[in-house]
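Survey of secondary and tertiary structure
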Amino acid sequence: MFTDLLRGLLAAMAAGVLPGYFWAVVLSPRADLAERLTWSSILSVASVPVIALALAKLAGTGITLWAALASMALVAGSGAVALVVRGPARAPSYPLL
C-alpha cells in the first residue's frame with residue numbers, strides 16, 4: 001500500500017512539475033530552486049490541460065491517457081526546444097523598480 005502511494009506521488013510530481021520546468025528556466029531569471037519549481041508547477045497546471053483539451057478536440061475523442069501523455073510531452077518538448085534556442089533567462093542588470 002505504501003509503495004502504491006509512493007508511486008502515485010512520484011507520478012503526480014512528474015506530471016505536475018516536469019512539463020513546465022524548461023519553460024520556468026527560460027522565463028524566470030531567478031536561480032532559486034524553490035522558486036523555479038513553483039513556476040514550473042504553475043506553468044504545468046496552466047498549460048498541460050489546455051493542450052490536452054486541444055488534442056482531444058482535434059482527435060474527436062475524449063481525453064485519454066495518450067492525449068494526456070502527449071500534452072505533457074508537447075509542453076516539455078517545446079520548453080526544451082525554447083531552452084536550447086533561447087537559453088536560460090538572464091537577470092536584469094538594473095533594478096526593475
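Since the model is a prediction, treat every value here as computed from it, not as a measurement. (Residues numbered from 1 in each chain as written. Predicted model: local features only at pLDDT ≥ 70, side-chain atom pairs only at ≥ 80, totals over all residues. Heavy atoms only, no water.)

**Observations concerning the overall build of the protein**
- A tally of regular secondary structure across the protein gives three helices and zero strands.
- The order of α-helices and β-strands along the protein, N terminus first, is α-α-α.
- Computed over C-alpha atoms, the radius of gyration of the protein comes to 16 Å, more than 25% over the 13 Å expected from 2.2 N^0.38 for 97 residues, which places it beyond the range of a compact globule.
- Dimensions of the protein along its principal axes, counting C-alpha atoms only, are 50 × 40 × 25 Å.
- Relative to its full complement of 97 residues, the protein shows a buried share of 22%.
- Look at the contacts in the protein between residues 6 or more apart in sequence, and 57% of them connect residues 24 or more apart. (Helix = DSSP H or I, 4+ residues; strand = E, 2+ residues; numbered from the N terminus. Rg over C-alpha atoms; globule rule 2.2 N^0.38 Å. Buried < 20%, exposed > 50% of the residue type's maximum accessible area, 1.4 Å probe, protein only. Contact = heavy atoms within 4.5 Å.)

**Considerations on the confidence of the model for the protein**
- Looking at the protein, pLDDT values average 86 and 97% of them are 70 or higher.
- Across the protein, the element-wise mean pLDDT spans from 85 in helix H1 (residues 2–27) up to 90 in helix H3 (residues 65–86). (pLDDT = per-residue confidence, 0-100.)

**Some thoughts on the pattern of salt bridges**
- This structure, assessed with the given rule, holds one salt bridge.
- For aspartate 4, the salt bridge identified is with arginine 7, shortest N-O distance 3.0 Å. A residue pair is termed a helical-turn pair when its members lie 3 or 4 positions apart in one helix, as aspartate 4 and arginine 7 do in helix H1 at three residues.
- Given the relative accessible area of 55%, arginine 7 is considered exposed. (Salt bridge = Lys/Arg side-chain N within 4 Å of Asp/Glu carboxyl O.)

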